[in-house]
Amino acid sequence: MTQNFKALVLTYKTAPVAVREQVSLNEAGVKQFLNFIRDYAVTTDVLVVSTCNRTEIYYVSEKDYSTEIFRGLALIKQIDAGFEQHFSQLEGLNAVSHLFEVAIGLDAQVVGDLQISGQVKNAYQWSADENMAGPFLHRLMHTIFFLNKRVVQETSFRDGAASISYAAKELAEDVTMSLREPKVLVLGVGEIGQDFCLNLVNSRLQNVMILNRTTDKAEKLAQKCGFRAGPIDLLQEELTKADVIISSVSGNEPLVTRELLKDIKILSHKFFIDLSMPRSIEPSIEEIPGAIVYNLDDIQEKTNEAVEKRKASIPRIREMIRGTIAEFEDWSKEMIVSPTIQKLKNTLEKIRQEELVRYMKNAKPEEAEKLEEMSRSLMQKILKYPVLQLKAACKRGDAESLTEMLHELFNLERVTEKK
C-alpha cells in the first residue's frame, strides 16, 4: 500500500504567512474537511495536519484526488483558487519519509520543535474520530510514535528548550534589552501561549500580564508562573501599558487592530509578536510610528547550544528513520498477501475440523483433548512454510505468482474468510 500513499504539502518553506493562514484549519475545520474527502474520494486512510507552519493532507489511493481535495479546501475556507501552486505533491516512500520528518521535528521551523509531535497526534486522533484512519494509517502512526520514543531515549534531539514559543521568548528578551523593567502582555493561553509563559518563568521578563477569553485558564497559568491575569475586556487598557505584546489567539479576524491602537500614544517603541495562524495582530499596525510587528516568519531559529545539539543528532535520526521505514515497508508489502494467508488458514482449519468430527465420535475426553492439541500443532507446522515463503516473496517483489499458485492448489477463491 505504500506506493499508493500520497501527500499534498504546504509549509513555511513553500508559502508565506499570508497564504498559510488562508488554508489553516482548526479541529472543527479538519473534521469537516475529512468528511468532505470521504464523500468525494475513495480512501479510508486520511490525515490532515494543519499548524501555524504547515497544512498537509495525506491519503491512500491509487487515484490522484488532488483536484477534489483542493476544491474542498477552497469551499471550507471560502477562498479563491491560486493557493494550490504553493502545495507540493509527494508519493510512496517520499510521502512516508516526509511524514516521519514532520512528526519527529526535522522539518520544523525550529528544528526539534516539541509541539509538532503533539499536533500530529491530534491530527491522527481527529482522523480516528471521523473513521478515516484505516489499518495502513494506524500502523504508520504507531510506528512513528514508537520511533519518537527512541529518538528521546537514544539521542540529544529533544534536549534543551528550542521551539517557536522559546524563540519568541528570546526575541522578546532581545527587543527589550534596553528597558529596565519591560512590561509584557500575553494574549491567549493555548498550547503556544502556555509554553511561552512557562519559558518566561526563569527569564528577566517578570512583569507579565495574561489576558484570555476564559479568565479561569489565564488565572491558573498566571498563578503557576507568578504573573498576573485578567479578562480579554482589559485589552485596550493593557495595550497602553505593555512594551511587548505576544498573541497566540485563535480566530478568523485579528484581535489587535490598528483601530484599537488609534488613541494610544507610543512614546518609544511597542513590539508586537504574532504567534497565531491565522494572524491575530493586524499587519498594518506596523505603519504606526514606533510599532514593530513580528510574525511567525520573522521568528528565526536561534543559534544556541540546544539547537546545535539537535542538529548534531540529525544524521543519526535520519539513519533511524531509514531503518524504521524499511521495516514498515516490509509490513506494507505483507499486507498484500495477508488475505491469502487468512484464506489458507481458514481452509486448513476447515479440513482439521472435518477430520476431528470423524475421529472424535467415540473418543474418550482425554483422547479428544490430545487429538485437538495434535491437530492444531500439525496445522501450524503445515502453515509455517508457505507463510514464510509468501513473506519472503513480498520482500523480493514476486509474491503474485506464489499467491496464484496457492489459490489454485487449495481452491482458495471458494473460501469465505471468518468474520
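Look above for the structure.
It should be emphasised that the depicted structure is a prediction, and the values quoted were computed from it without experimental measurement. (Residues numbered from 1 in each chain as written. Predicted model: local features only at pLDDT ≥ 70, side-chain atom pairs only at ≥ 80, totals over all residues. Heavy atoms only, no water.)

**Quick word on the pairing of strand 8 (residues 244-247)**
Here strand 8 shows a buried face lined by Val244 and Ile246 and a second buried face lined by Ile245 and Ser247. As defined by bridge partners, strand 5 (residues 183-187) adjoins strand 8 across 4 bridges and the pair is classed as parallel. The partner of Val186 across the bridge, within strand 8, is Ile246. Taken together, the 4 bridges between strand 8 and strand 9 (residues 270-274) define a ladder with parallel strand orientation. Bridge pairing in strand 9 places Ile246 opposite Ile273. (Buried < 20%, exposed > 50% of the residue type's maximum accessible area, 1.4 Å probe, protein only. Helix = DSSP H or I, 4+ residues; strand = E, 2+ residues; numbered from the N terminus. Pairing = 2+ DSSP bridges.)

**Considerations on helix 7 (residues 164-175)**
In a regular helix each residue adds 1.5 Å, so 12 residues correspond to 16 Å; helix 7 covers 16 Å between its end C-alpha atoms and thus fits that length. The buried fraction of helix 7 is high, at 11 of 12 residues. Those residues of helix 7 that are buried lie in contact with helix 5 (114-129), helix 8 (191-200), strand 8, strand 9 and strand 10 (291-294). (Expected span 1.5 Å × (residues − 1). Contact = heavy atoms within 4.5 Å.)

**Describing the sheet that holds strand 4 (residues 88-91)**
As a general point, the strands of a sheet are linked pairwise by backbone hydrogen bonds and lie either parallel or antiparallel. Read across the sheet, 4 strands follow the order 2-3-1-4 without closing on themselves; strand pairing throughout is antiparallel. Looking at which strands have only one partner, the edges of the open sheet turn out to be strand 2 (46-50) and strand 4. On average, adjacent strands in this sheet sit at an angle of 15 degrees to one another, irrespective of strand direction. In the sheet, strand 1 (residues 5-11) pairs with strand 3 (residues 54-60) via 7 bridges, with the strands oriented antiparallel. Along strand 3, the bridge assignment pairs Leu10 with Thr55. Each of strand 2 and strand 3 touches helix 2 (residues 27-40); the most contacted strand, strand 2, lies at about 150 degrees to it. Packing against the sheet, helix 6 (residues 135-154) makes contact with strand 1, strand 2 and strand 3, and its axis sits at approximately 45 degrees to strand 2. (Axes fitted to C-alpha atoms, helices over the stretch in contact; angles between N-to-C directions.)

**Thoughts on unusual backbone geometry**
With an omega of 0 degrees, the peptide bond running from Met277 to Pro278 counts as cis. With respect to the helices and strands, Pro278 occurs in the loop between strand 9 and strand 10. Phi at Gln78 is positive, roughly 55 degrees, even though this residue is not glycine. Along the chain, the position of Gln78 falls in the loop between helix 3 (66-77) and strand 4. Judged by relative accessible area, which is 74%, Gln78 ranks as exposed. In this model, Asn131 sits at a positive phi of 55 degrees, which is unusual for a non-glycine residue. Looking at the element boundaries, Asn131 is found in the loop between helix 5 and helix 6.

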